[in-house]
Amino acid sequence: MTGSFDLPARRLLTLALLGCCLLIASAQAVTSAALAADGPPYRVYLPIATSQEAAGGMQYQGLDFSNHGQLVKIKIASPKKRINGGKPIVIKFYPGQKCSFGEQRACIQAYRAPGGQNVIFITVHSGLGAEAEAFRNAVEGTGFGQAGLSLEKTLARLGDLKGASVTIIQGDVVVDGLQMAGLGRVPAKGVSKYFASPVNRSVEIAAGYSETLAWAVDPAVPLIVFETCGWRMRGESAAKNLESTSASVYLGVIASEEP
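Residues numbered from 1 in each chain as written. Predicted model: local features only at pLDDT ≥ 70, side-chain atom pairs only at ≥ 80, totals over all residues. Heavy atoms only, no water.

Peer 1: Hey, could you run me through the packing of aromatic side chains in this one?
Peer 2: By convention here, two paired aromatic rings are described through the distance between centres and the angle between planes. Applying the stated criterion across every chain, the model contains 3 aromatic pairs. Ring centres 5.2 Å apart and planes at 90° place the aromatic pair Tyr194 and Phe195 in the edge-to-face group. An aromatic cluster is defined as three or more aromatic residues linked by ring pairs; in this entry it consists of Phe135, Phe226 and Tyr250. The ring of Trp231 is capped by Arg136, whose NZ or CZ atom sits 3.9 Å from the centre of that ring. (Phe/Tyr/Trp six-rings, centres within 6.5 Å; stacked < 30°, edge-to-face > 60°. Lys NZ or Arg CZ within 6 Å of the ring centre and 35° of its normal.)

This is the structure we're talking about:
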């Protein structure tokens, strides 16, 4: 089946409780489910290619996201004391091809935007003790199996984080001077479509709900994009077939400059 995919493809289908964990379904089972629903065939993650060209797509200013043995820390400066108590928000993980909850690994993919710019795409868990728990808690709070803040306050915090300075550390490599050039949220009603789409359409779909991400569909500079789940939001209809801790998706776009 590997010859039938034109770009690195998407993690599917069910997300695990407390982990925003992507349980990878078999291609046959997922495709059958999609056909039964008269929808487009679902796609599954392909292994990261080992060609020199693909390995180059995993590099960013000296960072090597194909190195599965070296911890990566993304530090997002908090612009306001109400967000994470004014302390930096830290997302930390080991890059990987598989990212089961509890292993502290992120799933890494890379693709070229239509204009040719490289996009490194990072999938991280947001459950208790997970790689991006600090980010999720900073933007939506933590309640009992649901977000601790209202949707209005959550969106306000996402807005506050736009433009925040970002530093990424991997071993001896420290890349600073970066910023949160865009943030968005896919609500519960859009999650199923989002996770049934190829990785290279993730930003496009998220931009349908967060217009400030539209520029990142075809950026003028290389990007690092991370995605993680949000928990069920009070007053928002639950997504079908998804756990309460996988009820929305947050996207963060990191770049050397704002659009």
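Peer 1: Would you take a moment to explain the side chain of Thr123 for this structure?
Peer 2: Along the chain, the position of Thr123 falls in strand β8 (residues 118-123). By relative accessible area, Thr123 is classed as buried at 4%. Only 2.6 Å separates the side chain of Thr123 from the side chain of Glu227, close enough to count as a polar contact. (Helix = DSSP H or I, 4+ residues; strand = E, 2+ residues; numbered from the N terminus. Buried < 20%, exposed > 50% of the residue type's maximum accessible area, 1.4 Å probe, protein only. Polar contact = N/O pair within 3.5 Å; in protein donor to acceptor, adjacent residues only side chain to side chain.)

Peer 1: Sorry, what's going on with unusual backbone geometry here?
Peer 2: Leaving glycine aside, a negative phi is the common case for residues, and trans is the common case for peptide bonds. Its identity is not glycine, yet Gln61 carries a phi of approximately 50°, on the positive side. Backbone geometry places Asn84, a non-glycine residue, at a positive phi of 60°. Along the polypeptide, Asn84 turns up in the loop between β5 (72-76) and β6 (89-96).

Peer 1: Looking at this structure, how should I read the pattern of salt bridges?
Peer 2: Two side chains bearing opposite charge may form a pair once their charged atoms approach each other closely. Within the structure shown, the criterion is met by 5 salt bridges. When salt bridges with common partners are traced through the structure, they connect Lys80, Arg82 and Asp160 into a single cluster. (Salt bridge = Lys/Arg side-chain N within 4 Å of Asp/Glu carboxyl O.)

Peer 1: Would you mind going over the environment of Arg136 with me for this structure?
Peer 2: Here Arg136 is to be found in helix α3 (residues 133-140). Using a relative accessible area of 0% as the deciding quantity, one classes Arg136 as buried. The spacing of Arg136 and Val249 is 113 residues in sequence and 9.8 Å in space, taken between C-alpha atoms.

Peer 1: What am I meant to see in helix α5 (residues 188-195) here?
Peer 2: Because each turn of an α-helix spans 3.6 residues, side chains separated by three or four positions end up pointing in the same direction. Three or more residues of α5 are buried, namely Ala188, Gly190, Val191, Tyr194 and Phe195. All buried residues of α5 fall inside an arc of 140° around its axis, so they share one side. α5 presents Lys189 and Lys193 as exposed residues on the side facing more than 90 degrees away from its buried surface. (Arc of directions from axis to C-beta.)

Peer 1: I would appreciate a short explanation of the pairing of strand β7 (residues 105-112) in the present structure.
Peer 2: Each regular strand displays side chains that alternate between the two surfaces of the sheet. The buried count for β7 comes to 6 of 8 residues, which makes it a mostly enclosed element. As paired elements, β6 and β7 share 3 bridges and run parallel to each other. Directly across from Tyr94, in β7, lies its bridge partner Arg105. Pairing geometry for β7 and β8, over 6 bridges, is antiparallel. The residue bridging Cys107 from the neighbouring strand is Thr123, located in β8. Counting the residues that bridge the hairpin from β7 to β8 gives 5 residues, and of these Gly116 lies at a positive phi of roughly 100°. (Pairing = 2+ DSSP bridges.)

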